[in-house]
Structures are given as structure tokens and as C-alpha cells.
Amino acid sequence: MSDGARARAEALAALQRSLGPRGEPALQVLASEGLTFDALEASARFRNGRFEGGRMMIEQARPALVEPLFAALGMPIEPAQRLLRVAADAPVIAGWDRGRERPVAKLYLNLSDASRMVRQRIAHALGLRGAPHVLGINVGRIGGDQVRVERKAYFQLPALPEDAPAVLHRLAAGQPLAGVVQSADIGEDGGISGRAVFLAPTDADHGRALLHALPGWDEAAFSAAIPFPWEQVRSVGFAQDGASWVAYVKPLGQGRPLWSLDPVVCVRTPGGELGIFVAPRSGREQAYCVAGEHALSYRVRAGEPRQDEVATVMAWAAARVAQGAAEWTWPQPPEGFDVVAH
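Residues numbered from 1 in each chain as written. Predicted model: local features only at pLDDT ≥ 70, side-chain atom pairs only at ≥ 80, totals over all residues. Heavy atoms only, no water.

Draft legend 1. Region of interest: the sheet that holds strand S13 (residues 289-291). Across the sheet, five strands lie side by side as S13-S14-S12-S11-S15; this open sheet has antiparallel pairing. Edge strands, defined here as strands with exactly one partner in the open sheet, are S13 and strand S15 (338-340). Direction aside, the axes of adjacent strands within the sheet are offset by 35 degrees on average. Pairing between strand S11 (residues 265-269) and S15: three bridges, direction antiparallel. Pairing of Arg268 across the sheet is with Asp338, part of S15. Lying on the sheet, helix H9 (residues 307-321) is in contact with S11, strand S12 (272-280), S13, strand S14 (294-303) and S15; it crosses S14 at an angle near 140 degrees. (Pairing = 2+ DSSP bridges. Helix = DSSP H or I, 4+ residues; strand = E, 2+ residues; numbered from the N terminus. Axes fitted to C-alpha atoms, helices over the stretch in contact; angles between N-to-C directions. Contact = heavy atoms within 4.5 Å.)

Here it is in C-alpha cells:
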């Protein structure tokens, strides 16, 4: 068996463990996708003194996978189709939560790399205000033909909100973080209410430090609820009332340091918009260029910037970073370019 075939077989085995004994129809759908571990992110919730598994997200899922996956999970496809229509080109995350009393199928639009203008447009199309970084639904059955659709929005924040659970303020103190995420429920009227708050650690060591500080932490019990050997902690979150927590992890060997959820600066070019990220130079990051002790990379947030535009913006940013300031300020970029809000 080749390394690629072995990786796909191991990923499929992990998916089977997450789906449980009634997941064979969904497993057959996923088997044709050729998924590997880098696409998987599992989580376990700690609630009422016990760990709940059966929770899986598939990142960068093909939109064409969503309909057969929802059908195989026994969920109606119409709510997912409505969500996909508003942002046909957005990266898709699909998955499930089989650990609930009433399981759900999950679908998210990952807009975290999109410009604020694009995020606002998509939110407006769904009757929402603001510019969420992720929009999603949980679809479940509540008996007979009755369907429940939970609508959710996620916002990346520069710091913990004041009303975050006290335990999160304690955990975040002195810890290097890539960012903070606020999860919210969306009501029938489009109103938003806080659901949970998450911390995103920068690397595997910091993530484990967070886990070991959690109330009720038990590595053996947590690992038993995760369907693969794990390493990097992607996020740790508490319900708004502080009564439960959940941790999301990537498979062993698949995590990369995540120094910042948000770009340090966004620049509008004649052809589109770029978000620029800066990380400590370690040799493990995928960098466009290096400036002193830092590595710089970019993501396209809107349009199609030309390569000469990218080169101009990155040279400008690298020159600023090379000055070595602890916190960079961003003066006016070259003529024809503009700094814009995240």
C-alpha cells in the first residue's frame, strides 16, 4: 500500500469511529472523497462531568459533497442549499455531531479570509448585520418530519469580550494566543446572542498548556473521545454561562503553528485586496518573504490582485517589519494602494 493510500485508509477509519455504528451510509459517501488527515478536525465537549465525542469537521470540503452527506446522515438538504447559494465560492466546512441526544449535520461557510465588504454582503443576503467571519447551520430532526435548524455566526475578535466566562479570562492571562472567536446564535428575526467564546493557541505546546488548565481535564478520557491520535489544539471554548467547554484538535503531524487569526494589515490593490500575516521566523511556516526575524505571507481577500501588485505590497510590508518595532504601524502604502479595515 502506498503512503497516500495508507493515509486515506487511516482517515476513513477515523471517520468511521466518529460516525459510530449507524454511520455506514455517510461513510460510503466519504469513501469516494479520498479524504486525508489534513482535512479533519475533531472535538470533544466536557459537560456534566463527562466527555462527549462523535464530533467531526471536514475542512475545505467540496460543495458537491454536502448534499449526499446530509442525505446519508438522514438530514434534509434544503437548509444547506440555501446557505450555499449566498456564497458559491466560499470555502466550505461540513461535518456532524453524533454525540448529542439528537444528532445534527453541520455546514459552515469559512469567510475568515474574505474582505470585510464581502463578509458584509454575504451577511446582508442572509438578513444579518455586521461582517461575521464564519456562518453556519446545524440541522437536526426533533421527531417525525420536524426539523430544527440552528443558525450560527462566528466573529474573530482582537481580545476577550468583557462578558466572556471568568475561566477564559484566567486561562488567557499570560498565554500567547492567535486570537479570540465569539460564537453566536442567530434568531428567527436575525438577532444575535452570544453562545460561546473560544481561545486559539499559537502552537501545540501552548495548546496543551491550555488543556491542562481546564476544569475536569483528563487526557485519557479526552483522547478516547477523539477518533485519531491528535496533536495541535486549534481552539478551546467555553459556553457563555461557563458550564461546559469544548476543545478542537488536528490529527498528529497535521497541525501548524497559527500565530494570528487576523492579518496584521489589509491592503486594497487595483485588482483586489490582500491580507498580510507576520509570524516569528522558524522555518515551519509557508512564507512569501522574510524580514529580519519574521516571516511574511499573504492571502487574497477579494478580487484577483496581479503578481506585480502582490510584490509591491509585500515589499512595502517587509520594509516596515524589518524596522523591528514590537507593534508595527502602517503608513500610507504606495500610490494606488490603500490600507483598509480587516
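Draft legend 2. Quick look at the layout of surface pockets. Roughly 550 Å³ of internal volume is contained in the second largest pocket. The wall of the second largest pocket is formed by 29 residues, among which Arg45, Arg47, Arg55, Arg100 and Arg195 lie closest to the centre. The set of elements that each furnish at least two residues to the lining of the second largest pocket consists of strand S1 (40-47), strand S2 (50-61), strand S4 (104-110), strand S5 (134-143), strand S6 (146-157), strand S8 (192-201), strand S9 (230-239) and strand S10 (245-251). Per-element accounting of the lining of the second largest pocket gives the leading share, four residues, to S6. Residues that form the lining of the second largest pocket fall into these classes: ten nonpolar, five polar and 14 charged. (1 Å grid on protein atoms, 1.4 Å probe; cavity = no way out; pocket = protein on both sides within 12 Å on 5 of 7 lines; lining within 4 Å. Points joined across faces, edges and corners; volume = space filled by probe spheres on them. Nonpolar A, V, L, I, M, F, W, Y, C, P; charged D, E, K, R; others polar.)

Draft legend 3. Spatial organisation of the side chain of His133. If you trace the backbone, His133 turns up in the loop between helix H5 (116-125) and S5. Among the residues examined, His133 registers a relative accessible area of 8% and is labelled buried. Reaching out from His133, the side chain makes a polar contact with the backbone nitrogen of Gln156 at a distance of 3.0 Å. (Buried < 20%, exposed > 50% of the residue type's maximum accessible area, 1.4 Å probe, protein only. Polar contact = N/O pair within 3.5 Å; in protein donor to acceptor, adjacent residues only side chain to side chain.)

Draft legend 4. Fine view of helix H4 (residues 78-85). For H4, the complete set of buried residues consists of Pro79, Ala80, Leu83 and Leu84. The buried side chains of H4 occupy one side of the element, clustering within an arc of 130 degrees when seen end-on. Its buried side turned inward, H4 meets helix H3 (63-72), strand S3 (92-97), S4, S5 and S6. (Arc of directions from axis to C-beta.)

Draft legend 5. Quick peek at the sheet that holds S6. The strand order around the closed barrel built from ten strands is S1-S2-S3-S4-S5-S6-S7-S8-S9-S10, with neighbouring strands paired in antiparallel fashion. The mean angle between the axes of side-by-side strands here comes to 25 degrees, regardless of whether they run parallel or antiparallel. Where S9 meets S10, six bridges bridge the pair, whose relative direction is antiparallel. Its bridge partner being in S10, Val233 is matched across the sheet by Val249. Where helix H1 (residues 3-19) meets the sheet, it contacts S1, S2 and S3, and its direction lies at approximately 135 degrees from that of S2.

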